[in-house]
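Close look at the chain arrangement
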2 protein chains.
Amino acid sequence: MVKVAWIQGKSQGTIEKNLSYLTQKIREACSSITPDLVILQELCLTDYLAITEAPENFDLAFHKDAEEIKHFLALAKELSINLVFPFFEKVSPAVYFNSLYVIDREGQINCHYRKMHIPDDPGFYEKYYFRAGDKGFQVADVKSSAGDSFKVGCLICWDQWFPEAARINALKGAQILIYPTAIGWDGTASPDIYQDQLEAWFTSMRAHAIANHVFVIAVNRVGKEGHLDFWGNSFCIDPYGRILERNGQDETISHLDLDLKVIDEANRYWPYFRDRRVDAFSDLLKIWVE
Amino acid sequence: MVKVAWIQGKSQGTIEKNLSYLTQKIREACSSITPDLVILQELCLTDYLAITEAPENFDLAFHKDAEEIKHFLALAKELSINLVFPFFEKVSPAVYFNSLYVIDREGQINCHYRKMHIPDDPGFYEKYYFRAGDKGFQVADVKSSAGDSFKVGCLICWDQWFPEAARINALKGAQILIYPTAIGWDGTASPDIYQDQLEAWFTSMRAHAIANHVFVIAVNRVGKEGHLDFWGNSFCIDPYGRILERNGQDETISHLDLDLKVIDEANRYWPYFRDRRVDAFSDLLKIWVE
């Protein structure tokens, strides 16, 4: 059994306030039990900065040596948790990524993932800020407090729409896929489309759980930022596609115990990986088949 | 607008009775309008023969020159419809496939697909009967009665669990994915699992529609055959993942008009194909990443 927790948070507006807010929320998540894994939302230390193209927003990025990063490394060590920490990463004044660290229980960086699929549509101008990830798909080998290890496939937001990303993580042995996220309604569509958009998002990731017989956890933000209304609805799905938990649109801390043996059961019931026609999949490497 | 129709049928037990039953149902589906596409269920002329491994069941296969095939070619021509006709195909006494023809409005074979992913689990012993398809993924270029053409990605049942299969069809230009199917409950699981299985099946294909911005139509059978209870629930999903129609567990003829312009709209709203990391997808061609 793996004890997971996530924080569906609301940006407090500034880095300083978010650091304090998240620290308090993480402590709260660890107050009665010690989770094996605590997951924060995408770009957790800032507002969703890609709402606009503003040169000054590059000031919101963090170099790996930043004090704020050190703070969360130390916090993970103090609380003895594995912590998924998504952040706006500055490599140099010229190169930035939308990244996450999986920080281990010793406060060391266990895994470093850079978002592979970068969106760009009105209100989500990510291609202005982030170079697409250069590290490929990353599966973290994580140690629980009981000393067991489990594998966490690291993905971020827009990656959620790509079955290929989920599949490659599963092929690399991921048992839990995590999607720190910042998705919401942009106020341009009619409200009767809102529910369809939310359901498309939810259905898409639920299907990754089913197709790959893995657990899937999405951790979204809540709150209004400019014209964006982040829809929350963070959730965990099991390897049969069953909904283990689904948040509303409030700030929430969720805890779940995941029984990884369900992965074996699901594979025995519907053994997809036995039958994949890898001999006939080469078109997947094309942009389009012309 | 493309006018589609499907027949969620119940096997009548023998080839002779099924031929008569399906002929009547097809005529009924074309009685007031002429659909552009009529879809029948998997292995439509027989019971679900793979319920057991029985050498005599190979007698239920059809060579391309069989009278029964000629009957449906002539019927498509008479009614001026494109007809998706799934059947147990005999190539020789040594080689058999689980196949479908897309028959055109002139009664000619437009497309021939052989099921690429073959299941095998208790009650669904397909690997005993069918060699896995040797033709790759097939997208039919179909002409409507108005003279427009549209593209139909041809898939069969177990293919539904593989995001790769849906994706390759979409990359080849498919606008509508069709899944003639024979799926049901096998009586071995507890009834409280039944709904989960049905939802996993439905969610999986609904996600193909969302991930690829295509229409998805599944046509399943109904009725009890031995210990199998075929669950019907044939459906059509639009490129946003919206449910346009979902049958119950009765024999049903469904008609829908599909507005293919929705595909363009959905791609403009969430343009996934712009961002697929084909440079990082080579692991998809592996059975497992070791």
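Residues numbered from 1 in each chain as written. Chains lettered and ligands numbered in written order. Predicted model: local features only at pLDDT ≥ 70, side-chain atom pairs only at ≥ 80, totals over all residues. Heavy atoms only, no water.

Scanning chain A from N- to C-terminus turns up 6 helices and 15 strands. Taking the principal axes of its C-alpha atoms as reference, chain A extends roughly 50 × 50 × 40 Å. Each of the 290 residues in chain A was classed as buried or not, and the buried ones make up 63%. Pairs at least 24 residues apart make up 67% of the contacts formed inside chain A by residues separated by at least 6 positions. About 10500 Å² of surface is accessible on chain A, with carbon and sulfur atoms providing 48% of the total. Side chains of chain A carry 30 positive and 41 negative charges; the gap between the two charge centres is 5 Å. (Helix = DSSP H or I, 4+ residues; strand = E, 2+ residues; numbered from the N terminus. Buried < 20%, exposed > 50% of the residue type's maximum accessible area, 1.4 Å probe, protein only. Contact = heavy atoms within 4.5 Å. Areas by Shrake-Rupley, 256 points an atom, 1.4 Å probe, with all protein chains shown as cover. Lys, Arg positive; Asp, Glu negative; His and termini not counted. Charge placed at Lys NZ, Arg CZ, Asp CG, Glu CD.)

The next subject is the relation of the copies chain B and chain A. For the match of chain B to chain A, the screw axis carries a shift of 0.0 Å, the RMSD comes to 0.0 Å, and the turn is 180°. The superposition of one copy onto the other is thereby described by a two-fold rotation axis. (Least-squares fit on C-alpha atoms with pLDDT ≥ 70 in both.)

Residues and elements named next belong to chain B. On strand β12 (residues 228-231), burial covers both faces: Leu228 and Phe230 on one face and Asp229 and Trp231 on the other are all buried. With 4 bridges joining them, strand β11 (residues 222-225) and β12 adopt antiparallel strand pairing. Paired with Gly223 across the strands is Phe230, a residue of β12. The turn linking β11 back onto β12 is made up of 2 residues, and Gly226 within it adopts a positive phi angle of 55°. (Pairing = 2+ DSSP bridges.)

Let us now look at the pairing of strand β3 (residues 82-92) of chain B. All names here are of chain B. Across the 11 residues that make up β3, a large majority, 8, are buried. When strand β2 (residues 37-39) meets β3, the two strands line up parallel, connected through 3 bridges. Of the residues in β3, the one forming a bridge with Leu37 is Asn82. For the segment spanning β2, helix α2 (residues 67-79) and β3, crossover handedness is right-handed. (Right-handed = clockwise from strand over helix to strand, strands pointing away.)

Right, let's get into the sheet that holds strand β6 (residues 138-143) of chain A. Residue and element names in this part refer to chain A. Judged by pairing direction, the sheet is mixed, and its 6 strands sit side by side in the order β6-β7-β8-β10-β13-β14 without closing on themselves. Looking along the sheet, the strands with just one partner apiece sit at the ends: β6 and β14 (243-246). Mean inter-strand twist for the sheet, computed between neighbouring axes without regard to direction, equals 20°. Sitting on the sheet, helix α4 (residues 163-171) is in contact with β6, β7 (149-154) and β8 (176-180), with an inclination near 140° to β8. (Axes fitted to C-alpha atoms, helices over the stretch in contact; angles between N-to-C directions.)

Moving on, we come to the interface of chain B and chain A. Between chain B and chain A, the residue contacts involve 55 residues of the former and 55 residues of the latter. For the chain B and chain A pair, buried surface summed over both sides reaches about 5400 Å², with 66% attributable to carbon and sulfur atoms. When the buried surface of chain B facing chain A is broken down by residue, Trp270, Arg277 and Leu284 of chain B rank first, second and third, together holding 12% of it. Residues Asp196 of chain A and Arg242 of chain B are paired through a salt bridge, measuring 3.8 Å at the closest nitrogen-oxygen approach. Viewed at the interface, chain A and chain B are joined by 24 residue pairs in polar contact (both at pLDDT 80 or more). Only α4 (163-171) and α5 (191-212) of chain B provide two or more residues apiece to the side of chain B that touches chain A. Considering every element that reaches the side of chain B that touches chain A, the biggest residue donor is α5 of chain B, with 11 residues. For the side of chain B that touches chain A, the residue count by class is 31 nonpolar, 7 polar and 17 charged. (Buried area = accessible area lost by both parts, 1.4 Å probe. Salt bridge = Lys/Arg side-chain N within 4 Å of Asp/Glu carboxyl O. Polar contact = N/O pair within 3.5 Å; in protein donor to acceptor, adjacent residues only side chain to side chain. Nonpolar A, V, L, I, M, F, W, Y, C, P; charged D, E, K, R; others polar.)

Okay, the pattern of salt bridges next. All names here are of chain A. Taken as a whole and judged by the stated rule, the model has 36 salt bridges over all chains. Here Asp134 makes a salt bridge to Arg114, at a shortest N to O gap of 3.0 Å. Here Asp134, found in the loop between α3 (126-129) and β6, pairs with Arg114, found in strand β5 (residues 109-114); they are 20 residues apart in sequence, far enough to count as distant. Taking the relative accessible area as the measure of exposure, Arg114 reaches 10% and is therefore buried.

Residue and element names in this part refer to chain A. Taking 1.5 Å as the rise per residue, helix α1 (residues 15-29) with 15 residues should run 21 Å; its terminal C-alpha atoms sit 20 Å apart, in good agreement. Residues of α1 that are buried include every one of Ile15, Asn18, Leu19, Tyr21, Leu22, Thr23, Lys25, Ile26 and Ala29, and no others. Here the buried face of α1 lies against β1 (2-8), α2 (67-79), β3 (82-92) and β15 (252-258). (Expected span 1.5 Å × (residues − 1).)

Attention now moves to the state of the cysteines. By definition, a disulfide links the sulfur atoms of two cysteine residues through a covalent bond. Residue and element names in this part refer to chain B. Summed over all chains, the structure comprises 0 disulfides over all chains. With no disulfide of its own, Cys30 lies 14 Å from the sulfur of Cys44, the closest cysteine sulfur. Residue class for Cys30 comes out buried when judged on its relative accessible area of 13%. With no disulfide of its own, Cys111 has Cys154 as its nearest cysteine by sulfur position, at a separation of 4.1 Å. Residue class for Cys111 comes out buried when judged on its relative accessible area of 5%. (Disulfide = S-S within 2.5 Å.)

Okay, unusual backbone geometry next. All names here are of chain A. Phi is positive for Cys157, close to 35°, though the residue is something other than glycine. In this structure, Cys157 sits in the loop between β7 and α4. Its identity as a non-glycine residue notwithstanding, His213 has a phi of 50°, on the positive side. Within the secondary structure, His213 sits in the loop between α5 (191-212) and β10 (215-219).

Further remarks concern the nonpolar core. Grouped together as the largest cluster of nonpolar side chains are 137 residues, with contacts concentrated most on Trp161, Trp201 and Ile217 of chain A together with Trp161, Trp201 and Ile217 of chain B. In terms of nonpolar packing, the next biggest core, distinct from the first, is built from 27 residues, Val38, Leu40, Ile69 and Tyr101 of chain B among them. (Core = buried A, V, L, I, M, F, W, Y, C linked by side-chain atoms within 4.5 Å.)

This paragraph deals with the packing of aromatic side chains. The way to describe two aromatic rings as a pair is by their centre distance and the angle between their planes. All names here are of chain A. Following the criterion strictly, the structure yields 54 aromatic pairs over all chains and no others. Taking the centre distance of 5.0 Å and the plane angle of 45° together, the rings of Phe58 and Tyr129 count as tilted. Note that Phe58 is positioned in the loop between β2 (37-39) and α2 and Tyr129 in helix α3, a separation of 71 residues in sequence. Pair check on accessibility: Phe58 and Tyr129 agree, each one buried. With centroids separated by 6.2 Å and ring planes inclined at 85°, the aromatic side chains of Phe88 and Tyr129 adopt a geometry described as edge-to-face. You can see Phe88 sitting in strand β3 and its partner Tyr129 sitting in helix α3, a full 41 residues away along the chain. As far as the burial class goes, Phe88 and Tyr129 line up, both buried. An aromatic cluster of at least three residues, connected via ring pairs, comprises Phe58, Phe88, Tyr96, Tyr128, Tyr129 and Phe130. (Phe/Tyr/Trp six-rings, centres within 6.5 Å; stacked < 30°, edge-to-face > 60°.)

This part is about the side chain of Asp104 of chain B. All names here are of chain B. When you line up the elements, Asp104 lands in the loop between β4 (95-103) and β5 (109-114). The side chain of Asp104 is buried and forms no salt bridge, while Arg105, the nearest opposite charge, is found at 8.1 Å. Here the side chain of Asp104 touches Glu106 through a polar contact of 2.8 Å, landing on its backbone nitrogen. Setting aside chain neighbours within four positions, we find Asp104 in contact with Ala76, Ile81, Asn82 and Asn110.

Geometric values such as these leave the question of function open.
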